[in-house]
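In case you want the letters, here they are:
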Amino acid sequence: MRIAVTGSTGLIGSALVDSLLADGHEVVRLVRHRSKTGPRPDGTTAIGWNPLLGEIDRAGLAGVEAAVHLAGAGVGDHRWTDAYKREIRESRVLGTETLATALAGLAEPPRVLVSASAVGYYGQTGDRVIDEEAPAGDDFLAEVCVEWEAAARPAERAGIRVVHPRTGLVLSAAGGAGGRLFPLFRLGLGGRLGDGRQYWSHISLADEVAALRFLIDREGVSGPVNLTAPEPVTNAELTAALGRALHRPTPFPVPKAVLGAVLGELAVEVVGSHRVVPRRLLDAGFRFRHPDVDSVVRAAL
């Protein structure tokens, strides 16, 4: 297949592109720097776009049979100033509108758009088990996710099957938010955050990539699909699993007050709780390679 991918240099995007190339697919990367467009040594082709301005190389999208949209400013990359919150929102909403509109306008639109979302859609849900039927929350990230998913409607109206993978914490030592935990734990400085009772719905990078590819291929699956391991755990349980895997103690809990001072509003997400399960993914026949926290942590290392 000829597959377009945005966010192709991020943790998930890089792993997805490698997986697709290994199986002989043709990958079209969407990049923001014109100097990086054209054929690449890895066998991919890069085309230009500027998601914030609604600009995209439509000719370069010709013949695309599927698109995976992963681009967006990192939620945990910076303190949440008003300016950075605006960047988080606009990078997702405007980017999705740009891509969905371009795909819808092609003479032969792709059959599927897998357009990223996040478990932040549900807001803070405590210890309640949440599946795709749960309503949206009312905090900042929930509002962003609602707008993010709605921005793909031009593709839906054009008859493209649109899937919204609502991803949890992707655990990988290679990077991402989860990757920033591993150096601390290797030094014996890891510990639970706050009281540790908040649920962190997580997934291994391998299962994240496999699930995205499953959603590309699985006709009949559309709308929201949770991409989280089937056994969500608390932050304290995840902390203990990291300690076991690295053979390091985890004695230093980080108080909520310290998190608030360092992270600002982002601390609400860090100590917030999402006990999310992947009901639709399991019902569609997906099988996890890493269903429990210990296997996820081992895979991450």
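Residues numbered from 1 in each chain as written. Predicted model: local features only at pLDDT ≥ 70, side-chain atom pairs only at ≥ 80, totals over all residues. Heavy atoms only, no water.

Caption draft 1: View of the environment of Leu181. By the secondary structure assignment, Leu181 is in the loop between α5 (176-179) and α6 (182-186). Linking Leu181 and Gly48, residues 133 residues apart in sequence, is a C-alpha distance of 34 Å. When neighbours within four sequence positions are excluded, Leu181 is seen to be in contact with Trp200 and Leu242. (Helix = DSSP H or I, 4+ residues; strand = E, 2+ residues; numbered from the N terminus. Contact = heavy atoms within 4.5 Å.)

Caption draft 2: Molecular detail of the side chain of His69. Checked against the element boundaries, His69 lands in strand β6 (residues 66-69). In this structure His69 comes out as buried when scored by relative accessible area, which is 1%. Side-chain polar atoms of His69 contact the side chain of Thr6, separated by 2.7 Å. Leaving out residues up to four positions away in the same chain, His69 has contacts with Thr6, Trp49, Arg92, Gly95, Thr96, Leu99, Leu113, Val114, Ser115 and Ala116. (Buried < 20%, exposed > 50% of the residue type's maximum accessible area, 1.4 Å probe, protein only. Polar contact = N/O pair within 3.5 Å; in protein donor to acceptor, adjacent residues only side chain to side chain.)

Caption draft 3: Region of the structure containing the pattern of salt bridges. Counted under the stated rule, the structure contains twelve salt bridges. A salt bridge links Arg161 to Glu219, with the nearest nitrogen and oxygen atoms 3.6 Å apart. Of this pair, Arg161 sits in strand β10 (residues 161-167) while Glu219 sits in the loop between α7 (205-217) and β14 (223-227), and the two are 58 residues apart along the sequence. Residues participating in the shared-partner salt-bridge network are Asp131, Glu133, Arg279 and Asp283. (Salt bridge = Lys/Arg side-chain N within 4 Å of Asp/Glu carboxyl O.)

Caption draft 4: Summary view of empty space enclosed by the protein. Throughout the structure, instances matching the rule amount to one cavity of 30 Å³ or more. What lines the largest cavity is simply Met1, Ile3, Leu20, His25, Arg213, Ile216 and Asp217. In terms of residue count, α7 provides more of the lining of the largest cavity than any other element does, three residues in total. Across the lining of the largest cavity, the residue classes tally to four nonpolar, one polar and two charged. (1 Å grid on protein atoms, 1.4 Å probe; cavity = no way out; pocket = protein on both sides within 12 Å on 5 of 7 lines; lining within 4 Å. Points joined across faces, edges and corners; volume = space filled by probe spheres on them. Nonpolar A, V, L, I, M, F, W, Y, C, P; charged D, E, K, R; others polar.)

Caption draft 5: A look at the nonpolar core. The biggest cluster of nonpolar side chains holds 37 residues, and the ones touching the most others in it are Leu16, Leu215, Leu227 and Leu281. Counting residues per element, the ones that place at least two in this core are β1 (2-6), α1 (11-22), β6, β7 (112-115), α3 (140-150), α7 and β14. It is α7 that provides the largest number of residues to this core, a total of seven residues. Beyond its immediate chain neighbours, meaning those up to four positions away, Leu16 contacts Val5, Val68, Leu70, Val209, Leu212 and Arg213. (Core = buried A, V, L, I, M, F, W, Y, C linked by side-chain atoms within 4.5 Å.)

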